[in-house]
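Residues per chain are reported as follows:
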Amino acid sequence: MTDIPTAAAYLADLTRRIGALFWANAEAIAAAAVAVERTARQDGLVYVFGTGHSHILAEEAHYRAGGLALTVPILSAVTMLHDGSVASTAFERIPGMVAPVLARYPIGAKDMLIIASNSGVNAAIIEAAEIGRAAGATIVAITSLAYSSQAAQGRPRLADLADVVLDNGAPPGDAVMALPDSELRTGPVSTSIGAALLNAVFAEVAARLQAEGGNAPIYRSANMPGAKEINAGLVAQYRPRNPHL
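The text that follows walks through the structure, step by step, so that each part is easy to find. Owing to the predicted nature of the structure, the values given are computational and were not obtained by experimental measurement.

### Concerning empty space enclosed by the protein
No. 1: One pass over the full model with this rule turns up one cavity of 30 Å³ or more.
No. 2: In this model, the largest cavity occupies a volume close to 80 Å³.
No. 3: Looking at the largest cavity, the residues that line it are His-53, Ser-54, Leu-57, Ala-116, Ser-117, Asn-118, Ile-142, Asn-168, Ser-190, Thr-191 and Gly-194.
No. 4: For the lining of the largest cavity, the leading source of residues is helix α9 (residues 190-211), giving three residues.
No. 5: Of the residues that constitute the lining of the largest cavity, the class distribution is three nonpolar, eight polar and no charged.

The structure is reproduced here in structure tokens:
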């Protein structure tokens, strides 16, 4: 067998963490599912926002095979990595930076705002939660309670502003594998765990919507039978309110 002990240990650690998610988050997953289902029945939208690598969860939810069509990613180059990762890391810490970004998205009382942030303390994340709350939206956080508790140092935490908190269980610093003879660590876990939590909630909601008589608004993978027609109908329905379709 190929000798890859660190890779094997990392995957074992990640598997253990994902396997424990339900028991650690059962009540929060249930509460998030109720909120998403309510949003769907009110013809609201589920906005998803994150900065840095956490923005990946917004893209994960967007136009996703098997995903809910009522999700809208909040995407802006200044909060992402592709136009300058060093700059985006600076921008997400600047007070007032996120308000013009969110102004593009008319978040209201029928809507939800899911915010992903592992550390849960940067200015953009805190202000996004405050803007969402002021608009009357339900706020769901995907964050690390351990990391944010350590990083806060008296500052507000995303977890304190959210109606529902999904704890990814990641350690401070995110990376879980120690390197020999070094203080460095490798093997981040927050993205994989965050995506699992997000899709667990959406899968629960899709099943509930389908079970109660309506067709759940689910995208089909483009190479599956009937996908073109199904997806075209959902795009026509949501494109007027989703600038990224």
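Next, the rest of the story.
### Remarks on the pattern of salt bridges
No. 1: Per the stated rule, a full pass over the model turns up ten salt bridges.
No. 2: Between Glu-212 and Arg-41 there is a salt bridge, with the nearest N and O atoms lying 2.4 Å from each other. Highlighted residues: Glu-212 in the loop between α9 and α10 (227-238) and Arg-41 in helix α2 (residues 21-41), separated in sequence by 171 residues.
No. 3: The residue Arg-93 makes a salt bridge to Glu-92 at a minimum N-O spacing of 3.0 Å.
No. 4: Since its relative accessible area comes to 46%, Arg-93 is described here as partly exposed.
No. 5: The network of salt bridges with shared partners includes Glu-37, Arg-41, Glu-204, Arg-208 and Glu-212.

### Digging into unusual backbone geometry
No. 1: Backbone geometry places Asp-43, a non-glycine residue, at a positive phi of 60 degrees.
No. 2: Along the polypeptide, Asp-43 turns up in the loop between α2 and β1 (46-50).
No. 3: Phi angles above zero are rare outside glycine, and Asp-181 is one such case at about 55 degrees.
No. 4: One can find Asp-181 in the loop between β6 (175-178) and β7 (185-188).
No. 5: Overall, the relative accessible area of 85% leaves Asp-181 in the exposed class.

### A word on the pairing of strand β5 (residues 164-167)
No. 1: Because side chains alternate across β5, one face comprises the buried residues Val-164 and Leu-166, and the other comprises Val-165 and Asp-167, none of which is buried.
No. 2: When strand β4 (residues 138-143) meets β5, the two strands line up parallel, connected through four bridges. Across the sheet, Val-140 pairs through a bridge with Val-164, a residue of β5.

### Some points on α2
No. 1: At Glu-27, α2 shows its strongest bend, of approximately 55 degrees.
No. 2: Those residues of α2 that fall on the buried side of the exposure criterion are Leu-21, Asn-25, Ala-28, Ile-29, Ala-32, Ala-33, Ala-35, Val-36, Glu-37 and Thr-39.

Cut-offs applied
- Residues numbered from 1 in each chain as written.
- Predicted model: local features only at pLDDT ≥ 70, side-chain atom pairs only at ≥ 80, totals over all residues.
- Heavy atoms only, no water.
- 1 Å grid on protein atoms, 1.4 Å probe; cavity = no way out; pocket = protein on both sides within 12 Å on 5 of 7 lines; lining within 4 Å.
- Points joined across faces, edges and corners; volume = space filled by probe spheres on them.
- Helix = DSSP H or I, 4+ residues; strand = E, 2+ residues; numbered from the N terminus.
- Nonpolar A, V, L, I, M, F, W, Y, C, P; charged D, E, K, R; others polar.
- Salt bridge = Lys/Arg side-chain N within 4 Å of Asp/Glu carboxyl O.
- Buried < 20%, exposed > 50% of the residue type's maximum accessible area, 1.4 Å probe, protein only.
- Pairing = 2+ DSSP bridges.
- Bend = angle between axes of the 7 residues up to and from the residue.

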